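Residues per chain are reported as follows:
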Amino acid sequence: MAQQRLPAKSGIAVPLVKGQLIQVINTHGKQVVDTWAFDSQDPSSHLSMEHTRASLLKISIAVGDTLVTNRRTPILTVVEDTSPGVHDLLIAACDSHRYAQLGVKGYHNSCVDNLHNALKAVGTRISSVPSPLNLFMNVPVASDGSLSFADPLCEAGQSCTLRAETDLILVMSACPQDVTPVNGGKCADIHFVVT
Ligand SMILES: [Zn+2]
């Protein structure tokens, strides 16, 4: 399939059947992509970061790793990663409360709103928001356990490819965070290819 564009600050839901691949391309290099996956038949079964950390016994992902649902079943496998492999499995998606806390007045796009809008467009609703897989997000963990938000290490055109391990709805949000430096200070488009 041809390359598709996800405009800066927006989200999209992409239905995938078991075995399909999605290549998420960091077109401009520094854009974080909050990523969720929901079982097509039952969205209450979804990609779960806490269950994935327990399964992998680490807070990072690499080629060959299989990510699991809140029911501990396989849902996505990392099949290729041309980026430095720095992704975040710890941080919640940005939401209206986060922007209010950061001093933003009035409406600001958020990954949580992008998630709900993307699911609505494919006729799916969820009752709570799972923690996302934050592709390309750089949250260094210091030796004392402290975290920080840093610029992504990804370069333009690098990508991460995931395989669907069940029929699912993948949701991506090109994170609209422009107050902290997690997107390198500038929100950008990303592209993706489904095969
Ligand atoms: Zn975000």
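Nothing here was measured: the structure is a model prediction, and the numbers come from that model.

1. Quick notes on the pairing of strand β3 (residues 21–26)
- As judged from the six bridges shared by β3 and strand β8 (residues 158–164), these two strands associate in the antiparallel manner. Residue pairing across strands places L21 opposite R163, the latter belonging to β8.
- Pairing of β3 with strand β10 (residues 190–194) involves four bridges; the strand directions are antiparallel. Across the sheet, I25 pairs through a bridge with H191, a residue of β10.

2. Description of the coordination of the zinc ion
- All of the protein donors around the zinc ion are C94 (SG), C111 (SG) and C175 (SG); their distances to the metal are 2.2 to 2.3 Å.
- Mapped onto the polypeptide sequence, the residues donating to the zinc ion form the spacing pattern C-x16-C-x63-C. Here C175 lies in the loop between β9 (168–174) and β10 and C94 lies in the loop between β6 (74–81) and α2 (96–101), a separation of 81 residues in the sequence. Each member of the pair, C94 as well as C175, is classed as buried.

3. Let's talk about the side chain of S45
- Inspection of the secondary structure assignment puts S45 in the loop between β4 (33–39) and α1 (49–56).
- Other than its neighbours up to four places away in sequence, S45 contacts F38, D39, T69, N70 and R71.

4. Some points on the pattern of salt bridges
- Tallied over the full model, the rule gives five salt bridges.
- Between K9 and D178 there is a salt bridge whose closest N-O contact spans 3.3 Å. Of the two residues, K9 is situated in the loop between β1 (4–6) and β2 (11–16) and D178 in the loop between β9 and β10; the sequence distance between them amounts to 169 residues.
- Salt-bridge contacts for E165 lead to R163; the nearest nitrogen and oxygen are separated by 2.9 Å.

5. Focus on the nonpolar core
- In this structure, I22, L76 and M172 are the most contacted members of the largest nonpolar core, which totals 30 residues.
- When residues in this core are grouped by element, the largest group, four residues, is from β9.
- With residues up to four places along the chain from it excluded, the contact list for L76 reads A37, L47, D65, T66, L67, L162, R163, A164, E165, L168 and L170.
- Grouped together as the second largest cluster of nonpolar side chains are 20 residues, W36, I91, L119 and M137 included.

6. Some words on the sheet that holds strand β7 (residues 133–135)
- Taken together, the four strands give an open sheet; going across it, the order is β2-β9-β4-β7, and neighbouring strands pair in antiparallel fashion. Either end of the sheet is taken by a strand with one partner, and the two such strands are β2 and β7. Strand-to-strand, the axes of this sheet are offset by a mean angle of 25°, without reference to chain direction.
- Sheet analysis places β4 next to β9, joined by seven bridges and oriented antiparallel. Among the inter-strand pairings, D39 is bridged to a residue of β9, identified as L168.
- Its contacts with the sheet place helix α3 (residues 111–121) against β2, β4 and β9, and it is angled at close to 140° to β9.

Cut-offs applied
- Along every chain, residues carry numbers that run from 1 in the direction the sequence is written.
- In keeping with the predicted nature of the model, local features appear solely for residues at pLDDT of at least 70, side-chain atom pairs appear and are counted solely at 80 or more, and the whole-chain, interface and lining totals rest on all residues.
- Note that the side-chain values use all heavy atoms of the structure and ignore hydrogens as well as water.
- Two strands pair if DSSP finds at least two bridges between them.
- For the purposes of this entry, the term helix denotes a DSSP run of H or I that reaches at least four residues, the term strand denotes a run of E that reaches at least two, and both are numbered from the N terminus.
- Note that water is not among the atoms considered, so a metal site may appear incomplete; the donors listed are N, O and S atoms within 2.8 Å of the metal, with 3.2 Å applied to Na, K and Ca.
- Type-normalised accessible area, obtained with a 1.4 Å probe on protein chains alone, sets the label of each residue: buried when under 20%, exposed when over 50%, and partly exposed for intermediate values.
- Residues are treated as being in contact if the distance between any of their heavy atoms lies within 4.5 Å.
- Every case where a carboxyl oxygen of Asp or Glu lies within 4 Å of a side-chain nitrogen of Lys or Arg is listed as a salt bridge.
- The nonpolar core is taken to be a set of buried Ala, Val, Leu, Ile, Met, Phe, Trp, Tyr and Cys residues, with the residues joined through side-chain atoms within 4.5 Å.
- Here the axes come from fitting lines to C-alpha atoms, over the contacting stretch only for helices, and the angles between their N-to-C directions go from 0 to 180 degrees.

Scope: geometric values only; no functional claims are made or implied.
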